[in-house]
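Each chain is listed here by its residues.
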Amino acid sequence: MAPHALLNKQAPSGITLKNQHDQEISTSDFIGKSTVVLFFYPKDSTYVCSKEACAFRDNLEEIQKLGAEVVGVSADNVKSHEQFANKQKLSYTLLADTEGQLRSAYQVPKLLFGFPQRTTYVIGKDGEVKHVFESFFSYSYHINNVMKALQKGSEDGSNETIEEE
């Protein structure tokens, strides 16, 4: 598989979307300021997406100890994100990409029934995309690879795109 087009490049920033609290958030607010785990998921409150979001929630403290923050993105609206975050007790930011601006900027492909690929980016403090993980059906694949990447650190130059086979 070819590496993702954004791997080892500056992450797109300067895109403003609303979060689950109906506040405008610019990707420039966090990209280039700390390590960011940016995960795109298809839809709020679906089985696999709920499992994925909760896996990030359950590992949030460790992720933060490793110097990173988590941001989730889907095409759902602010109200849906608010309900999803409350139901699942998600304390990290969820961005409502209702027009697909961020998905397009990050070149997240659409798959089944127009849903976007489940794609996770680890973006270094320098704003560079260090890792890209893609798997539509496996939520655990994303959190497991994110934790390995954060624990290992990206200083060794092993930036990569990994797609579950």
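This one's a predicted model, so the numbers in the text were calculated from it and none came from an experiment.

Parameters and conventions
- Residues numbered from 1 in each chain as written.
- Predicted model: local features only at pLDDT ≥ 70, side-chain atom pairs only at ≥ 80, totals over all residues.
- Heavy atoms only, no water.
- Helix = DSSP H or I, 4+ residues; strand = E, 2+ residues; numbered from the N terminus.
- Buried < 20%, exposed > 50% of the residue type's maximum accessible area, 1.4 Å probe, protein only.
- Contact = heavy atoms within 4.5 Å.
- Areas by Shrake-Rupley, 256 points an atom, 1.4 Å probe, with all protein chains shown as cover.
- Phe/Tyr/Trp six-rings, centres within 6.5 Å; stacked < 30°, edge-to-face > 60°.
- Arc of directions from axis to C-beta.
- Polar contact = N/O pair within 3.5 Å; in protein donor to acceptor, adjacent residues only side chain to side chain.

Sorry if this is basic, but what is going on with the overall build of the protein here?
When its secondary structure is counted, the protein shows five helices and eight strands. Its helices and strands taken in sequence order, the protein reads β-β-β-α-α-β-α-β-α-β-β-α-β from the N to the C terminus. Within the protein, the fraction of its 165 residues that count as buried is 54%. For the protein, the share of sequence-separated contacts (at least 6 apart) that also reach a separation of at least 24 residues comes to 65%. Total accessible area on the protein is roughly 7,900 Å²; 47% of this is exposed by carbon and sulfur atoms.

Which parts of the structure should I look at to understand the packing of aromatic side chains?
Aromatic ring pairs are described here by two measures, namely the spacing of the ring centres and the angle between the planes. Applying the stated criterion across every chain yields a total of seven aromatic pairs. Taking 5.8 Å as the distance between ring centres and 80° as the angle between the ring planes, the aromatic pair formed by Phe40 and Tyr121 counts as edge-to-face. Placement of Phe40 in strand β3 (residues 35-40) and of Tyr121 in strand β6 (residues 119-123) is noted, with a sequence separation of 81 residues between them. The exposure class of Phe40 is buried, given its relative accessible area of 3%.

Sorry, what's going on with helix α3 (residues 78-88) here?
Owing to its 3.6 residues per turn, the α-helix aligns residues three or four sequence positions apart on the same side. Residues Val78, Ser80, His81, Phe84, Ala85 and Gln88 constitute the buried set of α3. Along the axis of α3, the buried positions cluster into a sector of 155°, meaning they face one direction only. Opposite its buried face, α3 presents the exposed residues Lys79, Asn86 and Lys87, each directed more than 90 degrees away. On the buried face of α3, the contacting elements are β1 (16-19), α1 (47-58), β4 (68-74) and β5 (93-96). Its side-chain oxygen at 3.2 Å from the backbone nitrogen of Lys79, Asn77 defines the N-terminal cap of α3. Just past α3, the residue Lys89 takes up positive phi, approximately 60°.

Would you take a moment to explain the environment of Glu69 for this structure?
Tracing the backbone shows Glu69 in strand β4. Relative accessible area serves as the criterion here: at 29%, Glu69 is assigned to the partly exposed category. Counting along the chain gives 35 residues from Glu69 to Ser34, while the straight-line C-alpha distance between them is 7.3 Å. Glu69 has contacts with Phe30, Ser34, Thr35, Val36 and Val37, leaving out every residue within four places of it along the chain. Within the local environment of Glu69, its side chain forms a polar contact with the side chain of Ser34, the two groups lying 3.0 Å apart.

All we've got here are geometric facts, nothing functional implied.
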